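The chain contents come next:
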Amino acid sequence: MDEKQLKESVASLLKDGNKEALAQMIVEYVEPQHITLDFVGMLLNSRSLNPGDSLVKKIRKGLKVHSLVPGAIPLAGEITVTDRINYVLDGAIITANANLWELENGEIGTVESIRNEMTAKFRDYYMNKVFTALSTIWTVGNTPDNYVTVATALNSTVLKHAIDTINQTTGGVKAVVGTRAALTPITTFGAGWADGYTTPVSHGVTENISQIMNTGWLGRYYGAPLVAITQQYDNPEDYNALIPENKVLVIGENVGEFITYGDVKTQQYTDMRPVPPQWILSLYQQFGLIIDKAAGIYVIEIT
């Protein structure tokens, strides 16, 4: 559907008084389920559950290989499935309003702004939830192996050690995650590699240098994908950052799981008190988060 057709559709729905159809159109554009899987899926395994599905994560006990002794009855391992941990559901809601005059005129800018804002806010909300949960698992007091502090800024020595640790702990690094401010120093040392001679010599990688010079960013470092989280602020007046800019996480494969539970629900109504009236649309859904392999998470705190 091109811009002209969308504008005509919006105008037709509003003039017919069919605000429920308009709400559904916006939900289809925002696609919160895809936001969850696309963005949170870069950090954790993600899936969608429906009402009635089990909210318990189950694991199957592994089997063992035994030495064969001719003439003896071989040992066998019992196949068992056990409940590991329960999901605790939380809820997310986002509400938008629009001037009925603009909507009834088929103002495409209004619908576009609603869609873009809801998409961005859902993405940022879930990323914030996941990052906060992961970054607070380890502290200097509860682990000597998966937590380290580094002065001033992230450096290659600390980051490589963290990646090596997670590569040995899990099936590999899923992502290196932090705010863009925390990860930007990687662009100063990630464009090349040092050889293994007694007196190391640095060698630049042309593609990496071009990427950094053209975009100010680097997509991978030491084989690990880099995921930058957009900073969020509490409100325009206080402007307090909600995501810590002094922490970088190295996350391994299969350390936990993020779920959404049930379809995205909508609520829409017209508030007749203002003049002109305001059309209100809310989207809400349930979600849950489990971290069951904390050893696959490495926390770097920048002091």
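Preceding this paragraph is the structure being described.
Structure report, in brief. Here the structure is a predicted model, which means the values were calculated and not measured. (Residues numbered from 1 in each chain as written. Predicted model: local features only at pLDDT ≥ 70, side-chain atom pairs only at ≥ 80, totals over all residues. Heavy atoms only, no water.)

1. Focus on the nonpolar core
Then comes step 1: Counting residues in each nonpolar core, the largest one holds 35 residues, and the members touching the most others are Leu43 and Val177.
Then comes step 2: The element that contributes the greatest number of residues to this core is helix H5 (residues 108-135), accounting for 8 residues.
Then comes step 3: Leave out the neighbours within four places in its chain, and Leu43 touches Met127, Val130, Lys174, Ala175, Val177, Val227 and Ile251.
Then comes step 4: Membership of the second largest hydrophobic core comes to 22 residues, among which are Ile186, Tyr298, Ile300 and Ile302. (Core = buried A, V, L, I, M, F, W, Y, C linked by side-chain atoms within 4.5 Å. Buried < 20%, exposed > 50% of the residue type's maximum accessible area, 1.4 Å probe, protein only. Helix = DSSP H or I, 4+ residues; strand = E, 2+ residues; numbered from the N terminus. Contact = heavy atoms within 4.5 Å.)

2. Topic: unusual backbone geometry
Then comes step 1: For the peptide bond that leads from Val275 to Pro276, omega is -5 degrees, which places it in the cis range.
Then comes step 2: Position of Pro276 among the secondary structure elements: in the loop between strand S12 (256-271) and strand S13 (278-291).
Then comes step 3: Although it is not a glycine, Thr152 adopts a positive phi angle of roughly 75 degrees.
Then comes step 4: Looking at where Thr152 falls in the secondary structure, it is placed in the loop between strand S5 (147-150) and helix H6 (156-169).
Then comes step 5: Residue classification places Thr152 among the exposed residues on the basis of a relative accessible area of 72%.
Then comes step 6: For Tyr222, which is not a glycine, the phi torsion comes out positive at approximately 55 degrees.
Then comes step 7: The residue Tyr222 is located in the loop between strand S9 (220-221) and strand S10 (224-229) in this model.

3. So, the sheet that holds S9
Then comes step 1: Taken together, 6 strands build an open sheet; the order of strands is S5-S14-S11-S6-S10-S9 and the sheet is mixed. In the strand order of this sheet, the two ends are held by S5 and S9, each with one partner. (Pairing = 2+ DSSP bridges.)

4. A word on the side chain of Gln285
Then comes step 1: Residue position: Gln285 is located in strand S13.
Then comes step 2: A distance of 2.4 Å separates polar atoms of two side chains, one belonging to Gln285 and the other to Tyr126. (Polar contact = N/O pair within 3.5 Å; in protein donor to acceptor, adjacent residues only side chain to side chain.)

5. Considerations on the layout of surface pockets
Then comes step 1: For the largest pocket, the calculated volume is near 260 Å³.
Then comes step 2: Along the walls of the largest pocket sit Ala92, Ile93, Ile94, Lys121, Phe122, Asp124, Tyr125, Asn128, Lys129, Gln232, Tyr233 and Leu242, which together make up its complete lining.
Then comes step 3: Broken down by secondary-structure element, the contributors of at least two residues to the lining of the largest pocket are strand S4 (90-99) and H5.
Then comes step 4: The leading source of residues in the lining of the largest pocket is H5, at 6 residues.
Then comes step 5: Here the residues of the lining of the largest pocket sort into 7 nonpolar, 2 polar and 3 charged. (1 Å grid on protein atoms, 1.4 Å probe; cavity = no way out; pocket = protein on both sides within 12 Å on 5 of 7 lines; lining within 4 Å. Points joined across faces, edges and corners; volume = space filled by probe spheres on them. Nonpolar A, V, L, I, M, F, W, Y, C, P; charged D, E, K, R; others polar.)

6. Details of the pairing of S12
Then comes step 1: As paired strands, strand S1 (residues 45-49) and S12 are joined by 5 bridges and run parallel to one another. Directly across from Ser48, in S12, lies its bridge partner Thr260.
Then comes step 2: Sheet topology places S12 next to S13; 13 bridges connect them, and they run antiparallel. Bridge pairing in S13 links Gln268 to Leu281.
Then comes step 3: Hairpin connection, S12 to S13: the antiparallel pair is bridged by 6 residues.

7. Points about the pattern of salt bridges
Then comes step 1: Counting across every chain of the model gives 4 salt bridges.
Then comes step 2: Of the charged contacts in the structure, one is a salt bridge between Asp90 and Lys129, with a shortest N-O distance of 3.5 Å. Note that Asp90 is positioned in strand S4 and Lys129 in helix H5, a separation of 39 residues in sequence.
Then comes step 3: The class of Asp90 is partly exposed, set by a relative accessible area of 34%. (Salt bridge = Lys/Arg side-chain N within 4 Å of Asp/Glu carboxyl O.)

8. Describing H6
Then comes step 1: Its 14 residues place the ends of H6 20 Å apart at the C-alpha level, agreeing with the 20 Å of an ideal helix rising 1.5 Å per residue.
Then comes step 2: The distance from a side-chain oxygen at the start of H6 to the backbone nitrogen of Thr157 is 3.2 Å, and the residue carrying that oxygen is Asn155. (Expected span 1.5 Å × (residues − 1).)

9. Comments concerning the sheet that holds S12
Then comes step 1: If you trace the 4 strands from one edge of the open sheet to the other, you get S1-S12-S13-S4, paired in mixed fashion. Edge positions in the sheet fall to S1 and S4, since each has one partner strand and no second. Neighbouring strand axes in the sheet, compared pairwise and without regard to direction, differ in orientation by 30 degrees on average. (Axes fitted to C-alpha atoms, helices over the stretch in contact; angles between N-to-C directions.)

10. A word on the packing of aromatic side chains
Then comes step 1: Applying the stated rule across the entire model yields 7 aromatic pairs.
Then comes step 2: Geometrically, the ring pair formed by Phe189 and Tyr221 is edge-to-face, given 5.4 Å between the ring centres and 80 degrees between the ring planes. Of this pair, Phe189 sits in helix H8 (residues 186-189) while Tyr221 sits in strand S9, and the two are 32 residues apart along the sequence.
Then comes step 3: On the basis of relative accessible area, Phe189 is assigned to the partly exposed category, the value being 21%.
Then comes step 4: What makes Tyr221 buried here is its relative accessible area of 5%.
Then comes step 5: Ring geometry for Tyr221 versus Tyr222: centroids 6.2 Å apart, planes at 45 degrees, classification tilted.
Then comes step 6: Members of the aromatic cluster, joined through ring pairs, are Tyr125, Tyr126, Phe258 and Phe287.
Then comes step 7: Lying over the aromatic face of Tyr222, Lys160 brings its terminal NZ or CZ to 5.4 Å of the ring centre. (Phe/Tyr/Trp six-rings, centres within 6.5 Å; stacked < 30°, edge-to-face > 60°. Lys NZ or Arg CZ within 6 Å of the ring centre and 35° of its normal.)

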